[in-house]
Amino acid sequence: MTDQAFKSDFLKTLQARGYIHQVTHPTELDEAAASGVVTAYIGFDATAPSLHVGSLIQIMMLRRLQQAGHKPIVLMGGGTTKVGDPTGKDASRPQLTDETIRANIDGIQKVFARFLTFGDGPTDAVMVNNDDWLSTYGYIQFLRDFGTHFTVNRMLSFDSVKLRLEREQPMTFLEFNYMLMQSVDFLELNRAHGVTLQMGGSDQWGNITSGVDLVRRVDQKAAFGLTTPLLTTASGGKMGKTAQGAVWLNAEQLSPYDYWQFWRNAEDADVGRFMRLFTDLPLDRIAEYEALEGAAINDAKKALADAATTLLHGKDEADKARAAAESAFEKGQVSADLPTVELPSAEVFGAMIAAVVTKTGLTASNGEARRLAQGGGLRLNDAPVSDGAQLLTEADVADGVIKLAAGKKKIVLVRPL
């Protein structure tokens, strides 16, 4: 699909930067994008108080849409979150209360203002909540209006259902309805906002095409779907997953410094691809970075971290994060902008360094910390520690903190209380 020659700026940009995996009706969508304003949406369920970097490719795709002169719709899944998307899950998601969902939406929505321009203009972004319509349907009305357009045979053929059943994991009837609800979202948005395009990750292909079919069948209107490739690192790991957990987009869940470090620590083979997907750097400049070799690749990684962090947190925070990292790793200094963990003194003094390192999140377990020490990768106040059982004392405190580092790229300050 990605080798098709597009004429619209929007699809040409998506193609050049590596966003396109599958498209329904590509020629028809290209014509629409070349001849007028396309209104498109992506849905985000509110299962946590922040999105993580795994959702960033979708946010960036809405940004590309607006940059190309089209209108993005951010759909908050206040209604669908009550059901839980079964895609890629072996078990049902915990059911959240209405209060928790509302709080999560409050936390999530502020990120979008960093990437999109909201307002009342023809290409300004709009945020809507699918609970506004899904909660108004009575059960019988919903089934009569939309249930007849979905066959169980076809629903069973989609990966989101088939894989769960093949693994002999239970799938509730509640979750089975998720596809219908997402499809109705497309229909409602088409009617209320003129939305003709739904975008999402490749795992959403079945849900998206069901929505396309519903709009075309019920209202006989144009409707299109577009998905991005499954995003993994060059070594095959899941994008945005680290030993310390998810890479959150909200500063309350992950500091700008740690966010900068996530991008700085990208694998060499991922730098150019991540620049195309997650920054606004021009393609010719990215090509120059991709041509760098040896130690010079670190300059490209810093440029990636600078650009990605500036988009999310602003230039000041990106500059502070870079300065803190360079001071800590290249000059051996302590900066107030380094991530700091406060722990009770009783949990620090007299405790094994492996246990404290794990509490800070530098390692996932005490065993990992001990192995890191044995391999020469653990440092206390810039000095190597060879034994993870070494005990920390008050003598290890300098300027009120203890500086711990795991490997060459991860550092944290411990402030005993």
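Residues numbered from 1 in each chain as written. Predicted model: local features only at pLDDT ≥ 70, side-chain atom pairs only at ≥ 80, totals over all residues. Heavy atoms only, no water.

### Concerning the overall build of the chain
Inclusion rule: Helix and strand labels come from DSSP, where a helix needs a run of H or I of at least four residues and a strand needs a run of E of at least two; each type is numbered from the N terminus. For this measure, only C-alpha atoms enter the radius of gyration; the expected value for a globule follows 2.2 Å times N^0.38, where N is the number of residues. Three labels apply to residues, based on accessible area from a 1.4 Å probe with only protein chains included: buried if under 20% of the type maximum, exposed if over 50%, partly exposed otherwise in between. Pairs of residues are marked as contacts when any of their non-hydrogen atoms sit within 4.5 Å. We get accessible surface area from the Shrake-Rupley algorithm with a probe of 1.4 Å; when it comes to residues, only the shown protein chains can shield them. The charge count includes Lys and Arg as positive and Asp and Glu as negative, but it does not include His or the ends of the chains. Where a charge lies is defined by one atom per residue type: Lys uses NZ, Arg uses CZ, Asp uses CG and Glu uses CD.
If you tally the helices and strands in the chain, you get 18 helices and 13 strands. Taking 2.2 N^0.38 as the reference for a compact globule, 417 residues should give roughly 22 Å; the C-alpha atoms of the chain span a radius of gyration of 24 Å, in line with that estimate. The dimensions of the chain, computed from C-alpha atoms along their principal axes, are 75 × 45 × 40 Å. In the chain, buried positions account for 49% of the 417 residues. Taking all contacts inside the chain whose residues are at least 6 apart in sequence as the whole, residues at least 24 apart take part in 73%. Roughly 18,500 Å² of accessible area belongs to the chain as shown, and the carbon and sulfur atoms make up 51% of that amount. Computed over 42 positive and 51 negative side-chain charges, the inter-centroid distance for the chain is 2 Å.

### Section: the side chain of Thr80
Stated precisely, the cut-off is as follows: By the criterion applied in these results, polar contacts are pairs of N or O atoms within 3.5 Å in which, for protein atoms, one can donate a hydrogen and the other can accept it, and in which residues neighboring in sequence qualify only through two side-chain atoms.
Tracing the backbone shows Thr80 in the loop between strand S3 (71-77) and helix H4 (98-109). A polar side-chain atom of Thr80 sits 2.7 Å from a polar atom in the side chain of Asp45. A polar side-chain atom of Thr80 sits 3.0 Å from a polar atom in the side chain of Asn130.

### Considerations on the pattern of salt bridges
The test is simple: Only one rule defines a salt bridge in this text: a Lys or Arg side-chain nitrogen within 4 Å of an Asp or Glu carboxyl oxygen.
Under the counting rule described, the total for this entry stands at 18 salt bridges. A salt bridge links Asp319 to Lys315; the nearest nitrogen and oxygen atoms lie 2.8 Å apart. A residue pair is termed a helical-turn pair when its members lie 3 or 4 positions apart in one helix, as Asp319 and Lys315 do in helix H16 (residues 315-330) at four residues. Asp319 gets classed as partly exposed once you look at its relative accessible area, which sits at 37%.

### Remarks on a nonpolar patch on the surface
The test is simple: The patch calculation keeps residues exceeding 30% relative accessible area without a salt bridge and links them within 9 Å when they carry like charges or within 5 Å when they are nonpolar (Val, Leu, Ile, Met, Phe, Trp, Tyr).
A cluster of nonpolar side chains, namely Val152, Leu156 and Leu165, defines an oily patch on the protein surface of about 240 Å² accessible area. In this structure, Val152 sits in helix H7 (residues 152-157). Classification of Val152 by relative accessible area gives partly exposed; the value is 46%.

Function-wise, these values are silent; they only describe arrangement.
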